[in-house]
Amino acid sequence: MASSSGPSLNEELQCSICLEVFTDPVTTPCGHNFCRTCLIKSWTNTQTCFCPLCKEKFSRRPELKINTTLREVVQHFKEKLNPGESEVFCDFCDEGKQKAVKTCLTCQSSYCETHLEPHRRVPRLKKHTLINPVENLEDYICQKHERPLELFCRDDQTCVCLSCTEGEHRSHNTVPIEEESQEKRNQLVQTQTDVHQMIQDRMKKIQEIKHSVELRKRNTDIERSSTVELFTDLIRSIKKCQSKQLKMMEEQQKAAEKQAEDLIKELHQEITELKRRNTELEQLSHTDDLHLIQMSTSLNSRPHTKNWTEIRIDSDVNVNSLYRALTELKKTLDETLNEKLSQTGLKFVQKFAVDVTLDPDSANPCLILSDDGKQVNEGDSMSQDVPENPKRFDAMCVLAKQGFSSGRFYYEVQVKGKTKWSLGMIRESINRKGRIRLTPEDGYWTVALRNENQYKACERSPVSLSLRVKPEKVGVFVDYEEGLVSFYDVESRSHIHSFTGQTFTEKLYPYFSPCDNDEGKNSKPLIITPVSPLMD
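A brief structural summary. Just so it is clear, the structure is predicted and the values come from calculations on it, not from any experiment. (Residues numbered from 1 in each chain as written. Predicted model: local features only at pLDDT ≥ 70, side-chain atom pairs only at ≥ 80, totals over all residues. Heavy atoms only, no water.)

## Some details on the packing of aromatic side chains
Logical step 1: Applying the stated criterion across every chain yields a total of 11 aromatic pairs.
Logical step 2: Look at Y444 and Y511: their rings are 5.7 Å apart centre to centre, the planes differ by 85°, and that puts the pair in the edge-to-face class. Highlighted residues: Y444 in strand 16 (residues 444-450) and Y511 in strand 22 (residues 508-513), separated in sequence by 67 residues. A single burial state applies to Y444 and to Y511, both of which are buried. (Phe/Tyr/Trp six-rings, centres within 6.5 Å; stacked < 30°, edge-to-face > 60°. Helix = DSSP H or I, 4+ residues; strand = E, 2+ residues; numbered from the N terminus. Buried < 20%, exposed > 50% of the residue type's maximum accessible area, 1.4 Å probe, protein only.)

## Notes on a nonpolar patch on the surface
Logical step 1: A surface patch of nonpolar side chains, about 430 Å² in accessible area, is lined by V195, M198, I199, M203 and I206.
Logical step 2: Tracing the sequence through the fold places M203 in helix 5 (residues 177-284).
Logical step 3: Accessibility expressed as a relative area gives 46% for M203, which makes it partly exposed. (Patch = residues over 30% accessible without salt bridge, like charges linked within 9 Å, V, L, I, M, F, W, Y side chains within 5 Å. Areas by Shrake-Rupley, 256 points an atom, 1.4 Å probe, with all protein chains shown as cover. Salt bridge = Lys/Arg side-chain N within 4 Å of Asp/Glu carboxyl O.)

## So, the nonpolar core
Here is a general trend for soluble globular proteins: nonpolar side chains tend to be buried in one another's company.
Logical step 1: W421, L423, M425, V485, F487, F512 and L526 are the most contacted members of the largest nonpolar core, which totals 34 residues.
Logical step 2: Among the nonpolar cores identified, the runner-up in size contains 17 residues, and C35, C38, C51 and L70 belong to it. (Core = buried A, V, L, I, M, F, W, Y, C linked by side-chain atoms within 4.5 Å.)

## Regarding the pattern of salt bridges
Logical step 1: What the rule picks out here adds up to 20 salt bridges.
Logical step 2: Between K184 and E180 there is a salt bridge, with its nearest N and O atoms 2.2 Å apart. A residue pair is termed a helical-turn pair when its members lie 3 or 4 positions apart in one helix, as K184 and E180 do in helix 5 at 4 residues.
Logical step 3: A relative accessible area of 6% places E180 in the buried class.
Logical step 4: The partner of R427 in a salt bridge is E506, and the shortest N-O contact between them spans 3.9 Å. Taken together, the residues R427 in strand 15 (residues 421-427) and E506 in the loop between strand 21 (494-499) and strand 22 connect sequence positions 79 residues apart.

Structure (structure tokens):
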């Protein structure tokens, strides 16, 4: 039995019967491996042979052959665990045995450099098969024919001798052991390379995840700062409107008090005049009849006073004025909010500007691209002589060379002077042949201009866009993880449209369609322009 293997031994190298490292491992027809001695012992005194592990029964006792590949793995593992214990010594040294340098499979002996000399000199011995020194020499000899195992049967996956190829392995595919060993080593190297690449890929993914978290943290800090700035401005606007309204109410109150003061003063004047008149009348009442008749004219004249019936000071606050003020405040806040959101949003997304260039392999043959890959327009409607390419569109459009499968990115396109165009993002796997439908369901997230002033977002049902000004430069922003594609009018710093709640599962590419030149009316090119950050 094999000695104890230590706590780190892979379970696949352990015999399930003795629970130790395999010794002369053999394989049952059901595919399980055991020490040869352990398996034979388990079948002693039994009429029916079965697998000790899965209990599958065999109609007849299987012919047990040592699994040489597994044995080599076990031997290599043992050598790693116990270096120096697998040394092979010369079989012909009488005293002071020397280490063997070769083992002869024909002679079935191991030789040191001195005793190997005849095998290098004698012609007959030169034909013998020499291998690196091995302890378990019997494993390299066919137990049936007692000849070296020089070949490998790929049909039965076992080592055989020349005599085996004249018998039961006559029609089988056999190759020299060296050839099979080299192929196995090549497979091992490839597997090691694949495993190494998998490790590198996962290390890279760890770095990507860490980078994404760090990038998101920085972006969160930026957004937090922008949000504080936005609402600080809004609070400032509210306070300004509040101050304006309070000042107006104070001025109205002062005006009412001044009006009341003037009216009271006028009333006091009239009261004084009326009292004087009353005194005169009282004096006339005590005169004789003749004088009373003579003063009749004075009796009939009434004092010149104001009709105070309709005159009053309104004690209620002017509700209509307050309502107008609140309405104006709301309008101001809405305009300020929209403006700030657009400007702050555009200023924020410009931080994710990327450099994109047009891909000539995807361009419709009628499109003309500039040498720097930044401009595209339709030529004279004549197809250019371009090579066939599965990436090329039949429709009047072209993609960028750069694709994106994560993160955030932004670019700007000049559309000035055009009467129709389409811009946006597409999914990599869309069908590029035949007609296309610009909808998210078909892998397109775009906005478009038609008939010079008809703007629309290409949703499943097109959405008309009411824009205050005609955009001359359009910004396109994508947040891959958030499923967001947004469009901005760069010059007016206003938001045009957003596709939200999308799910992206593959690479996205910037999409450009200058449309046909419409007999020269739409001849201006679409131009990918450098992003100039907004100034405060």
